[in-house]
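Notes for the structure review
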Amino acid sequence: RTVRIIGAPMDYGANRRGVDMGPSAIRYADLADGLERAGVDPIDDGDLTMPRAEERDPDADQPRRGDAKFLREIEDVCKRVRDRVATTLADGEFPLVLGGDHSVAIGSLTGSARDADLGAIWFDAHADLNTPETSPSGNVHGMPLAAALGRGAFGETEWAPAPRLQESSIAYVGLRSIDDRERELIRESEITAFTMADIDQRGISAVVDDALAVATDGTDGVHVSLDLDWLDPKTAPGVGTPVRGGVTYREAHAALETLSRRDEAEGILRSMDVVEVNPILDEGNETATLAAELTASTFGKRIL
Ligand code: DIR
Ligand code: MN
Ligand code: MN
Ligand code: MN
């Protein structure tokens with residue numbers, strides 16, 4: 001299996017404070033080596049070029065589609081992520097997108113759901129379901145699922161929604177920070193939500209099995225979206241929006257090993273993104289190292 005590494009050093013979705021260095025830090029943490037040890041063949045495409053930061057004040061620049069900062073820049077990047085993901089899949093390879101902030105997932109989801117019915121598992125402290133209308137921050141990294149689903153003002157754009165992604169095929173794992181209006185959106189949606197409380201009660205493996213059941217039912221493949229703030233900040237300090245009470249180091253590995261075992265048996269995994277690593281906020285590159293390790297676990301690296 002060939003894994004094509006697509007760097008997307010995007011920071012327009014999260015206040016532009018260091019998350020653009022994520023792809024570099026994850027590579028530095030021996031991602032390619034870890035993937036080889038997992039038994040896959042990595043090919044590194046390098047980084048997509050990001051549009052130059054414009055001179056306007058982002059807060060003064062509210063584009064026509066409601067309250068979403070840098071929407072034009074994000075659209076430009078996500079269309080290129082989307083096309084790179086789609087052509088990678090058409091070539092029979094596995095697209096691995098390295099963020100950058102979570103807004104890059106708009107590109108991964110729309111690209112991966114172009115020629116297949118897609119399920120998705122969202123490992124995140126946050127639900128990322130805000131629309132420009134409901135967002136308290138205006139940061140698009142809190143909105144990628146809404147965009148990919150064509151919700152809110154994103155529904156009128158030509159770069160979203162993802163053509164073959166149904167809400168009912170999406171599962172959250174590990175939620176613990178949800179905005180008030182976002183809570184209503186989740187309740188009204190058909191997305192399945194497993195919170196940290198579910199993991200407390202039932203254990204990570206049972207929860208991931210259930211998330212897999214959601215994401216594989218009636219779909220052709222599963223997209224894995226791994227936001228490093230899913231983990232507890234003690235384990236993953238290098239993220240822009242840490243929330244305490246996240247999964248442990250072992251729970252995270254167990255979750256991705258569960259995906260990997262299912263994938264070995266049934267070939268379910270289709271695409272992945274690893275996002276929100278912020279080296280400026282990190283301690284000795286440990287969050288990027290964790291990102292690289294968890295990716296290797298997803299592709300089959302085992303203790304023995
Ligand atoms: C918050 C934070 N829900 C927002 N979202 C984050 O701004 O929409 N997503 N941090 O990863
Ligand atoms: Mn996120
Ligand atoms: Mn189908
Ligand atoms: Mn998050």
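This report concerns the structure included in the present document.

1. Comments concerning the layout of surface pockets
What the largest pocket holds in volume is close to 220 Å³. Every residue lining the largest pocket is counted, 17 residues in all, and those nearest its centre are His126, Ser137, His141, Gly142 and Asp179. Of the residues contributing to the lining of the largest pocket, the split by class is 1 nonpolar, 9 polar and 7 charged. Taken as a whole, the second largest pocket encloses approximately 160 Å³ of empty space. Every residue lining the second largest pocket is listed: Ala14, Asn15, Arg17, Val19, Asn139, His141, Gly240, Thr241, Glu276 and Asn278. Class assignment for the residues of the lining of the second largest pocket results in 2 nonpolar, 6 polar and 2 charged.

2. Digging into the site of ligand 1
The environment of ligand 1 is made up of His126, Asp128, Asn130, Ser137, His141, Gly142, Asp179, Asp227, Asp229 and Thr241. Here a nitrogen atom of ligand 1 and a side-chain polar atom of Thr241 are 2.9 Å apart. For ligand 1, the protein covers 92% of the area, taking 320 Å² as the surface of the free molecule. With respect to the pocket detection grid, ligand 1 is positioned in the largest pocket. Its residues placed into classes, the shell around ligand 1 shows no nonpolar, 6 polar and 4 charged.

3. What about the environment of Glu93?
Tracing the sequence through the fold places Glu93 in the loop between α3 (71–90) and β3 (94–99). Take Glu93: its relative accessible area is 15%, and that puts it in the buried class. Separated by 52 residues in the primary sequence, Glu93 and Asp41 place their C-alpha atoms 9.8 Å from one another. The residues contacting Glu93, other than those within four sequence positions of it, are Thr2, Arg4, Ile43 and Thr88. A polar contact is formed between the side chain of Glu93 and the side chain of Arg4, at a distance of 2.5 Å.

4. Looking at helix α4 (residues 104–112)
Counting buried residues along α4, 9 of its 9 residues qualify, which places the element largely inside the surrounding structure. Turning to α4, its buried residues number three or more, namely Val104, Ala105, Ile106, Gly107, Ser108, Leu109, Thr110, Gly111 and Ser112.

5. Structural notes on unusual backbone geometry
The amide bond that connects Gly99 to the next residue, Gly100, takes the cis arrangement and shows omega of 10°. Looking at the secondary structure, you find Gly100 in the loop between β3 and α4. Cis peptide bonds are those with omega within 30 degrees of zero, and the linkage from Ala160 to Pro161 qualifies with 5°. By secondary structure assignment, the location of Pro161 is in the loop between α5 (144–148) and β5 (165–175). In this structure, Glu276 is a non-glycine residue whose phi angle is positive, near 75°. Relative to the helices and strands, Glu276 is located in the loop between β8 (269–275) and α10 (286–298).

6. Remarks on the packing of helix α8 (residues 204–216) against helix α9 (residues 249–266)
Contact geometry for α8 and α9: axes closest at 9 Å, N-to-C directions at 40°. Here α9 runs oblique to α8, going by the angle between their axes. Crossing hand, α8 versus α9: right-handed. Across the interface between the two elements, Ile204, Ser205, Val208, Asp209, Leu212 and Thr216 from α8 touch Glu251, Ala254, Ala255, Thr258, Leu259 and Arg262 from α9.

Analysis parameters
- Residues numbered from 1 in each chain as written.
- Chains lettered and ligands numbered in written order.
- Predicted model: local features only at pLDDT ≥ 70, side-chain atom pairs only at ≥ 80, totals over all residues.
- Heavy atoms only, no water.
- 1 Å grid on protein atoms, 1.4 Å probe; cavity = no way out; pocket = protein on both sides within 12 Å on 5 of 7 lines; lining within 4 Å.
- Points joined across faces, edges and corners; volume = space filled by probe spheres on them.
- Nonpolar A, V, L, I, M, F, W, Y, C, P; charged D, E, K, R; others polar.
- Near = heavy atom within 4 Å.
- Polar contact = N/O pair within 3.5 Å; in protein donor to acceptor, adjacent residues only side chain to side chain.
- Areas by Shrake-Rupley, 256 points an atom, 1.4 Å probe, with all protein chains shown as cover.
- Sits in = over half its atoms within 2 Å of the grid points.
- Helix = DSSP H or I, 4+ residues; strand = E, 2+ residues; numbered from the N terminus.
- Buried < 20%, exposed > 50% of the residue type's maximum accessible area, 1.4 Å probe, protein only.
- Contact = heavy atoms within 4.5 Å.
- Axes fitted to C-alpha atoms, helices over the stretch in contact; angles between N-to-C directions.
- Parallel < 35°, antiparallel > 145°, perpendicular 65-115°, else oblique.
- Left-handed = near helix turned anticlockwise from the far one by under 90°.

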